[in-house]
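Here are the chains, one letter per residue:
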Amino acid sequence: MADTFSGLINYWVAIALMMIGFYIVIAQGNLVKKIVGLNIFQVAVFVFYISMGKVKGGTAPILDDSIEVYSNPLPHVLILTAIVVGVATTALALALIVRINRAYGTIEESEINEQDNVLDASEGKP
Amino acid sequence: MIIISLLFFMTATAISMLWLRDLFAVVMLSGIYSLFAAVIYMVMDAVDVAFTEAAVGAGISTVLMLGTLALTKSKEKVHKKIAYGPLALVLITGGILVYGTLDMPHYGDANAPIHSHVASRYIEKSGLEVGVPNIVTSVLASYRGYDTLGETAVVFTAAIGVLVIIGRRKKKRKKTGAVNDGGDIA
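Residues numbered from 1 in each chain as written. Chains lettered and ligands numbered in written order. Predicted model: local features only at pLDDT ≥ 70, side-chain atom pairs only at ≥ 80, totals over all residues. Heavy atoms only, no water.

### What to know about the overall build of chain A
Stage number 1. Within chain A one finds four helices and zero strands.
Stage number 2. Going residue by residue from the N terminus, the α and β elements of chain A occur as α-α-α-α.
Stage number 3. In terms of overall dimensions, chain A is more spread out than a globule: its C-alpha atoms have a radius of gyration of 21 Å, far above the 14 Å expected for 126 residues.
Stage number 4. Once the C-alpha set of chain A is aligned to its principal axes, its extents read approximately 75 × 35 × 20 Å. (Helix = DSSP H or I, 4+ residues; strand = E, 2+ residues; numbered from the N terminus. Rg over C-alpha atoms; globule rule 2.2 N^0.38 Å.)

### Observations regarding the packing of aromatic side chains
Stage number 1. Following the criterion strictly, the structure yields six aromatic pairs over all chains and no others.
Stage number 2. For the pair Tyr 11 of chain A and Phe 48 of chain A, a centre-to-centre distance of 5.3 Å together with 55° between the ring planes defines the contact as tilted. Of this pair, Tyr 11 of chain A sits in helix α1 (residues 2-27) while Phe 48 of chain A sits in helix α2 (residues 31-53), placing them 37 residues apart in sequence.
Stage number 3. When the centroid spacing of 6.2 Å and the interplanar angle of 55° are considered together, the rings of Phe 8 of chain B and Phe 9 of chain B count as tilted.
Stage number 4. Assessed through its relative accessible area of 42%, Phe 9 of chain B is described here as partly exposed.
Stage number 5. One aromatic cluster is present, built from ring pairs that chain together Phe 8, Phe 9 and Phe 36 of chain B. (Phe/Tyr/Trp six-rings, centres within 6.5 Å; stacked < 30°, edge-to-face > 60°. Buried < 20%, exposed > 50% of the residue type's maximum accessible area, 1.4 Å probe, protein only.)

Here you go:
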C-alpha cells in the first residue's frame, strides 16, 4: 500500500493539477483566466509524461562512458516539441482575446453573451 | 521527497490561481508555476525540457500574458462562486483518470514498457549514428527531424495568425470609421 502510494503519487498530483486547470477552463468566465487554466492543464500533462520517462538511478540522457543507466530520452523530445507548440497556441489565443476586447470592450464571457443577445434581439433573430 | 514537496507547491500555486481575482497576480503565479515545473523536470533528469520550460513557459508565456493584460483589463469583474456542475464533471474525470493509473508501472521502474522498445535503441546507437552526445538533440534534430520541421511550421502559422488578428489596428479604424467591428452594439 505504501509502495503503491509512493510509486503513483506523481501521477495523482499531475491528475489533480490537470483537473484544477480543467475546472478553471470550464467554470471561470474571464477569458485570460481560461488561458491560464489551459496552461495549468498543459504543464500537468508534461509533468505526467516526464514522470513516466524517469528511470531509478538513471541520469540525464547525455552520453558518457562513465554512465550506465540513462532516463528515457523519448518523452523529453515529445514534451520539448509540445512546450513550443503550446506557447504558439497560447499566443494565438491571447491575440484573439485582444481582438475580442477591441470588439466588445470586455473580456468577461457573460458580458459578451449579453451583448450578443441584445444584438440578436435588435436584429429580430431568435 | 523533493519531488513531492515541489508538486505540493505547484498544487498550492494552481489553487491560488483559481481563487485570485487580480489577473496580474494570476499571470505572475502562472510564471511561478512554470518555474516549479522546470525544477521538477530537472530533478527527473529532463534537463533540456527544464530549460525550455524556464525560458519559453515561464518567460515568453508570461510576457505575452502581461502584454494582453496591458491591452485589455487586469481585474476579473464577475467572480463566480463554486459552480457545482463543472465541479462534478471535474471530479468524475479525475476519478476515472486516477483509476486508470492504478495498474501503471510505478515511478522510476526500469522494466516499464515505455523503456523497452525504441528508447534503448536510441541510447545504444545514437552516439555512433549521429555523433552528438546529447540523445535528446539527436532524436529531435535527426531521427525525428521532420517532426521538428512541422513544429517550426506550426510556430510560423501561429505568428502569421497573431499578425492577421491584431495587426494594422490604425488603418482599419480609419477605413471603417464608426461602424468598426461591431464595437458600438453596447
